[in-house]
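# Observations on the model geometry
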Amino acid sequence: MSKLDALFQRDTEDLAQEAQRITRQYWGRAISLFAPLYISNFCENACVYCGFSSRMHIKREKLTPEQIDAECKALAATGIQNVLLLTGESHIKSPLSYLIEAVEIAKKYFPNIAVEVQPMDTDDYRQLVAAGVDGMTCFQETYDEALYPSLHPKGRKHDYRYRLGTPYRAAEAGIRRVGFGALLGLNDWRPEVEALFAHVADVENRFPGTDIAISFPRLLPIEGALVKPKPISDEVLVRIMCIARILFPRVCITLSTRENARFRDNVLPIMVTQISAASATTVGGYARPRVDHDGQFAPSDERSLAEVKKMLITKGYDPVFTDWRRL
Amino acid sequence: MSELVIGGVSLSSRFLLGTGKFKSKQELQEVIQRSKTDVVTVALRRIDIEKNEDNIVSYIPEGVTLLANTSGARNAKEAVRIARMSRETGLGNWVKIEIMTDSKYLLPDNQETIKATEILAAEGFVVLPYVSPDLYVARDLVKAGAAAVMPLGSLIGSNQGLRTRTLIEVLINEIHEVPIIVDAGIGRPSHAAEAMEIGADAVLVNTAVASAEHPALMAEAFAQAVAAGRLAWEAGAGDQSAIARASSPLTGFLHE
């Protein structure tokens, strides 16, 4: 029986106890906070499950430098210091030059910047690092190479292998933290999780100096999307996250506002080390919160940063706003 | 108990405390008081430089020396920049060099640490480098101007105790110019006492205190263990022996 099989056979509470013990030992009682900031929702792909898909008739927008500045200013004013800049995947509307410009602006407000944008070549990542990017995230979505093309019928994302190689190129370019994730619900979860862990382990072995973060997004049903999610129960998700912690004690485990407050508050003390809070998932959503816009997903946890901070303190956690500052 | 002098400063406690992993700054403050430590390490990356409110530094009592660490640095260049940033921010000129390029084991990069020590010592910093215990490295650090050498007892955060004891003993025996401070891996007060009994000049502990059920109580336990271990070293503990030694030797008659 493999190590993973043995873990999957264990009782959930038993896994949770071990995951918490490891998390407390390696990470202590500290939880880092970050927030996403969407600067563009133009996308060349047509992922059948996504609200930003080029097939979807949503209002498209790309922030101007002045708007990015206003957006950063509004988010920084809430106290957030770690920002994740997001775009749809478009080499035309949000090319490298646009991203670099956005990073240069965001630098004025945030000591720590990560990006979740279209996958790029190593040299492009080098330019992002030089501009001031500390982290990047690229979800493989599904690790099933046969299923992948049908879910990503169009655009550069159609190339499974190129996407799979993305964390390697980013690490090679010197990005400090590389984020992984499989979009749970696209496929049966077990093979996805096994492949995700193998991917993480391989990058960890090849790039021992790179910090790794893993997210476990559950696919939310999107109006008009062509795929209905295969449900992942709360218990299954908790088990997966516990096993991730046991296998990778030093990996950052991220939990976003896709999950509701009750789930987040209960799972947080077990293995989570980083959460997003008070997230706007629409382009320009911080400076213009009332503009009617289609987000990538609707956050399930809509508490303010102050409320999340208070919750962390009540639970005996130190909310960490700055965990790395650009040198 | 004799005083410890680092970088020209006399310290009455030989217990240095790390400030990570605590649940709140109030808890940390209580831990510092109870530990009676004279030196605390703070990761510059965790300090909210821009804001005074809730800044970790404001919870550190007057008279306790701040030892900024370069946690997060991947090479000498980054460590040097962090140290300079720390001094410019007003955190003083004590710096613990911590350079890691392995996210899994978090072992320090000795070569890069020597380079950073040389540069920062020349700039007037009081440099405390954290390294894997190695005699050649320790000698190079002394030459580079380190104010102490801080070998790891076992992997950082592992609470495994003095797994590198033999190598640390070599440093204690051979390096006399600067103090040897055992940093990382000390998980129990008994480990700290052991390090002091074999002649380490001080210990630095964080995880073992922060991950205790009652951190402030554990801090006090460590303080006592460190003091006891030091006293034992100064008292000259008798040799250990695997077999009993008769207090009336069998061959005593030969000398009568």
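Residues numbered from 1 in each chain as written. Chains lettered and ligands numbered in written order. Predicted model: local features only at pLDDT ≥ 70, side-chain atom pairs only at ≥ 80, totals over all residues. Heavy atoms only, no water.

### Side note on the interface of chain B and chain A
Between chain B and chain A, the residue contacts involve 34 residues of the former and 28 residues of the latter. At the junction of chain B with chain A, the criterion picks out 3 salt bridges. The residue Arg176(A) makes a salt bridge to Glu78(B) at a minimum N-O spacing of 3.1 Å. Here chain B and chain A share 18 residue pairs in polar contact (both at pLDDT 80 or more) between them. Considering every element that reaches the side of chain B that touches chain A, the biggest residue donor is helix α2 (residues 76-88) of chain B, with 4 residues. Split by residue class, the side of chain B that touches chain A holds 10 nonpolar, 10 polar and 14 charged. (Contact = heavy atoms within 4.5 Å. Salt bridge = Lys/Arg side-chain N within 4 Å of Asp/Glu carboxyl O. Polar contact = N/O pair within 3.5 Å; in protein donor to acceptor, adjacent residues only side chain to side chain. Helix = DSSP H or I, 4+ residues; strand = E, 2+ residues; numbered from the N terminus. Nonpolar A, V, L, I, M, F, W, Y, C, P; charged D, E, K, R; others polar.)

### Description of the sheet that holds strand β8 (residues 150-151) of chain B
Each strand in a sheet pairs with another by means of backbone hydrogen bonds, the pair being arranged parallel or else antiparallel. One open sheet holds the 8 strands; their spatial order is β8-β7-β6-β5-β4-β3-β10-β9 (chain B), and the pairing between them is parallel. Whereas interior strands pair on both sides, the edge strands pair on one side only; in this sheet they are β8 and β9 (181-183) of chain B. (Pairing = 2+ DSSP bridges.)

### Concerning empty space enclosed by the protein
Applying the stated criterion to the full structure yields 4 cavities of 30 Å³ or more. Of the volumes computed, that of the largest cavity is approximately 90 Å³. Considering the residues around the largest cavity, the lining is formed by Glu44(A), Asn45(A), Glu89(A), His91(A), Gln118(A), Pro119(A), Tyr148(A), Arg156(A), Lys157(A), Asp159(A), Tyr162(A) and Arg163(A). Counted by class, the lining of the largest cavity contains 3 nonpolar, 3 polar and 6 charged residues. If you go around the second largest cavity, the residues you meet are Trp27(A), Ala30(A), Ser32(A), Arg177(A), Thr273(A), Gln274(A), Asp323(A) and Arg46(B). When grouped by side-chain class, the residues that make up the lining of the second largest cavity number 2 nonpolar, 3 polar and 3 charged. (1 Å grid on protein atoms, 1.4 Å probe; cavity = no way out; pocket = protein on both sides within 12 Å on 5 of 7 lines; lining within 4 Å. Points joined across faces, edges and corners; volume = space filled by probe spheres on them.)

### Considerations on the pairing of strand β5 (residues 177-181) of chain A
Residues and elements named next belong to chain A. A large share of β5 lies buried, amounting to 4 of its 5 residues. Looking at chain direction, strand β4 (residues 135-137) and β5 are connected through 3 bridges and run parallel. The residue of β5 that forms the bridge with Gly135 is Arg177. Alignment of β5 against strand β6 (residues 211-215), held across 5 bridges, turns out to be parallel. Across the sheet, residue Gly181 finds its bridge partner in β6, namely Ser215. (Buried < 20%, exposed > 50% of the residue type's maximum accessible area, 1.4 Å probe, protein only.)

### Focus: the pairing of strand β5 (residues 65-69) of chain B
Residue and element names in this part refer to chain B. Counting buried residues in β5 gives 5 out of 5 residues, a clear majority hidden from the surface. Burial of the side chains of β5 extends over both faces: Thr65, Leu67 and Asn69 are buried on one face and Leu66 and Ala68 on the other. One ladder, built from 5 bridges, connects strand β4 (residues 39-43) with β5; its direction is parallel. Pairing of Thr41 across the sheet is with Leu67, part of β5.

### Regarding the environment of Gln274(A)
Tracing the sequence through the fold places Gln274(A) in strand β8 (residues 274-276). Within polar-contact distance, the side chain of Gln274(A) engages the side chain of Arg177(A) at 3.2 Å.

### Some points on the packing of helix α9 (residues 189-206) of chain A against helix α10 (residues 234-247) of chain A
Residue and element names in this part refer to chain A. As a packed pair, α9 and α10 sit with axes 12 Å apart at the nearest point and diverge in direction by 20 degrees. With respect to α10, the axis of α9 lies roughly parallel. As α9 packs across α10, the resulting crossing turns out to be right-handed. Counting all contacts with α9, which are made through Trp189, Val193 and Phe197, the residues of α10 involved are Val236, Ile240, Ile243, Ala244 and Leu247. Looking at the contact of α9 with α10 residue by residue, the class counts come to 8 nonpolar, no polar and no charged. (Axes fitted to C-alpha atoms, helices over the stretch in contact; angles between N-to-C directions. Parallel < 35°, antiparallel > 145°, perpendicular 65-115°, else oblique. Left-handed = near helix turned anticlockwise from the far one by under 90°.)

### Overview of the side chain of Glu78(B)
Relative to the helices and strands, Glu78(B) is located in helix α2. Polar side-chain contacts of Glu78(B) include one of 3.1 Å to the side chain of Arg176(A). Non-local contacts of Glu78(B), meaning those with residues more than four positions away in its chain, are made with Arg176(A), Trp324(A), Leu327(A), Gly72(B) and Ala73(B).

### Some remarks on the nonpolar core
Residue and element names in this part refer to chain A. The biggest cluster of nonpolar side chains holds 107 residues, and the ones touching the most others in it are Tyr49, Phe197 and Phe216. The greatest single-element share of this core, amounting to 9 residues, is contributed by α10. Excluding its chain neighbours within four sequence positions, the residues that come into contact with Phe197 are Leu4, Phe216, Ile240, Ile243, Ala244, Leu247 and Phe248. (Core = buried A, V, L, I, M, F, W, Y, C linked by side-chain atoms within 4.5 Å.)

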